[in-house]
Amino acid sequence: MMTIRVVMAGATGWVGKALVPAIAAQADMLLSGAVSRSGAGQDSGLLVGVPANGVIASATLAQALQAPSDVLVDYTKPDVVKDHVLLAIEKGRHVVIGTSGLGAADYADIDAAARANRVGVIAAGNFSITATLMKRFALMAAKYVPDVEVIDYASARKADAPSGTARELAEALADVRKASTARPVSEVSGVPGTRGAAVGAGEGVQVHALRLPSYILSCEALFGLPDERLTIRHDAGSSAAPYVAGTLLAVRRVQETIGLVRGLDALMD
């Protein structure tokens, strides 16, 4: 059995704290590096509240990639994730992206770089199994119901809008839906911006991002037909545990790919 050597960027973040011990516990994985600016120089196990694991956190990804590794897992911040991914690709590493904030143009750049360097990248707006099922069910509905909008809920301090979950969902819906029957935003009077932002190809899908205290992450697709409505919604709890299994699945599968794969649903049978 091949051992997958993994570098965890964002090791002391919300999801990173759950992934550091999870990666170390896998029989087919080895935590070979960790990145945490705030915890640089300290044992990454102790940083996340588990016994010492002997992997000392690096201040930068460049430092962490000096040691041999196979896969970078990135759960950092929107303003650094693209640079991280392109650096890892340049160094010949496969990448799993859990960080939100990237758009279609960013992913196009990442795909081109990955193909040029013959490595794989798996990116998902949400690595939760149930969030992935929400996306799958919404895409099924969009084939029959053309009118759909997305509402994105997150905490008041979330830096990016929409969330990666909502953005990925809207972009996928825009690719399969038929033309909306709603009045075009260009014809709306009053304050047109209250109709949300169009996300995705063509006319896109309207996305409304709410940022309020008490929310962690929720996303819903609302479909409408005359005299009936359908809501497909996912709600995240306060634990990062739901994202662990999906991320580990991506780590195991990313070396089988070349170029970019978007969405955990692409890996599910």
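Treat the numbers as computed from the prediction; the structure is a model and nothing was measured. (Residues numbered from 1 in each chain as written. Predicted model: local features only at pLDDT ≥ 70, side-chain atom pairs only at ≥ 80, totals over all residues. Heavy atoms only, no water.)

### Digging into the packing of aromatic side chains
Scanning the entire structure with this criterion turns up three aromatic pairs. Ring centres of tyrosine 75 and phenylalanine 127 lie 6.5 Å apart, and the angle between their planes is 55 degrees; on these two criteria the pair is classed as tilted. Of this pair, tyrosine 75 sits in the loop between strand 4 (71-74) and helix 4 (81-90) while phenylalanine 127 sits in the loop between strand 6 (120-123) and helix 6 (129-142); the two residues are 52 residues apart in sequence, bridging distant segments of the chain. Phenylalanine 127 gets classed as buried once you look at its relative accessible area, which sits at 1%. Ring geometry for tyrosine 153 against tyrosine 215: centres 5.1 Å apart, planes inclined by 25 degrees, an arrangement best described as stacked. (Phe/Tyr/Trp six-rings, centres within 6.5 Å; stacked < 30°, edge-to-face > 60°. Helix = DSSP H or I, 4+ residues; strand = E, 2+ residues; numbered from the N terminus. Buried < 20%, exposed > 50% of the residue type's maximum accessible area, 1.4 Å probe, protein only.)

### Points about the sheet that holds strand 3 (residues 57-58)
Taken together, seven strands build an open sheet; the order of strands is 3-2-1-4-5-6-12 and the sheet is parallel. Each edge of the sheet is formed by a strand with only one pairing partner; in this case those strands are strand 3 and strand 12 (259-262). When strand 1 (residues 4-9) meets strand 2 (residues 29-35), the two strands line up parallel, connected through six bridges. Bridge assignment links methionine 8 to a residue of strand 2, and that residue is alanine 34. (Pairing = 2+ DSSP bridges.)

### Some details on the nonpolar core
Counting residues in hydrophobic clusters, the biggest one holds 34 residues, and the most contacted among them are Met8, Leu19 and Val73. Listing elements by their share of this core, those giving two or more residues are strand 1, helix 1 (16-25), strand 2, strand 4 and helix 8 (242-253). The biggest single contributor to this core is helix 8, with five residues. Among the domains, domain 1 (4-123 + 240-267) and domain 2 (129-236) are the pair contributing at least three residues each to this core. By size, the runner-up hydrophobic cluster in this structure holds 22 residues, among which are Leu72, Leu102, Tyr107 and Ala114. (Core = buried A, V, L, I, M, F, W, Y, C linked by side-chain atoms within 4.5 Å. Domains from an automatic or database assignment.)

### Things to note about the layout of surface pockets
Approximately 1,100 Å³ is the volume found for the largest pocket. As for the largest pocket, its lining consists of 42 residues, and the residues nearest its centre are Tyr75, Thr76, Lys77, Pro78 and Thr99. When residues of the lining of the largest pocket are traced back to their parent elements, those giving at least two are helix 3 (61-64), helix 4 and helix 7 (164-176). Residue contributions to the lining of the largest pocket peak at three residues, all from helix 4. Residue composition of the lining of the largest pocket, grouped by class: 17 nonpolar, 18 polar and seven charged. Residues lining the lining of the largest pocket come from more than one domain, with at least three contributed by each of domain 1 (4-123 + 240-267) and domain 2 (129-236). The volume enclosed by the second largest pocket comes to roughly 240 Å³. For the second largest pocket, the lining is made up of 14 residues, of which Ser180, Ala182, Arg195, Glu203 and Gln206 are closest to its centre. Per-element accounting of the lining of the second largest pocket gives the leading share, three residues, to strand 7 (residues 147-154). (1 Å grid on protein atoms, 1.4 Å probe; cavity = no way out; pocket = protein on both sides within 12 Å on 5 of 7 lines; lining within 4 Å. Points joined across faces, edges and corners; volume = space filled by probe spheres on them. Nonpolar A, V, L, I, M, F, W, Y, C, P; charged D, E, K, R; others polar.)

### Details of the environment of valine 119
Secondary-structure assignment places valine 119 in the loop between helix 5 (104-117) and strand 6. For the pair valine 119 and glycine 33, spaced 86 residues apart in sequence, the C-alpha separation works out to 19 Å. Non-local contacts of valine 119, meaning those with residues more than four positions away in its chain, are made with Ile89, Gly92, Arg93, His94, Ala114, Thr257, Ile258 and Gly259. (Contact = heavy atoms within 4.5 Å.)

### Focus: unusual backbone geometry
The peptide bond linking alanine 161 to proline 162 adopts the cis configuration, its omega dihedral lying at 0 degrees. Considering the arrangement of structural elements, one finds proline 162 in the loop between strand 7 and helix 7. Residues other than glycine seldom take positive phi values, yet serine 214 does so here, at roughly 90 degrees. Residue placement: serine 214 occurs in the loop between strand 9 (205-211) and strand 10 (217-225).

### Let's talk about the pairing of strand 7
Most of strand 7 sits out of view: seven of its eight residues are buried. In terms of strand pairing, strand 7 meets strand 9 through five bridges, oriented parallel. Looking across to strand 9, one finds that alanine 154 is bridged to arginine 211.

### Looking at the domain arrangement of the protein chain
Interface size is commonly expressed as the accessible surface area that is lost when the partners come together. Under the domain assignment, the protein chain is made up of domain 1 (4-123 + 240-267) and domain 2 (129-236). Here domain 1 and domain 2 have C-alpha centroids that lie 28 Å from each other. Taken together, the contact pairs 14 residues of domain 1 with 14 residues of domain 2. For the pair domain 1 and domain 2, the summed buried surface comes to about 1,000 Å²; carbon and sulfur atoms form 50% of the total. It is Ser100, Arg262 and Asp265 that lose the most area in domain 1 upon contact with domain 2, and together they represent 42% of the buried surface on that side. Applying the counting rule to domain 1 against domain 2 returns two salt bridges. Between aspartate 265 and lysine 135 there is a salt bridge, with its nearest N and O atoms 3.1 Å apart. Run the count over domain 1 and domain 2 and you get five residue pairs in polar contact (both at pLDDT 80 or more). (Buried area = accessible area lost by both parts, 1.4 Å probe. Salt bridge = Lys/Arg side-chain N within 4 Å of Asp/Glu carboxyl O. Polar contact = N/O pair within 3.5 Å; in protein donor to acceptor, adjacent residues only side chain to side chain.)

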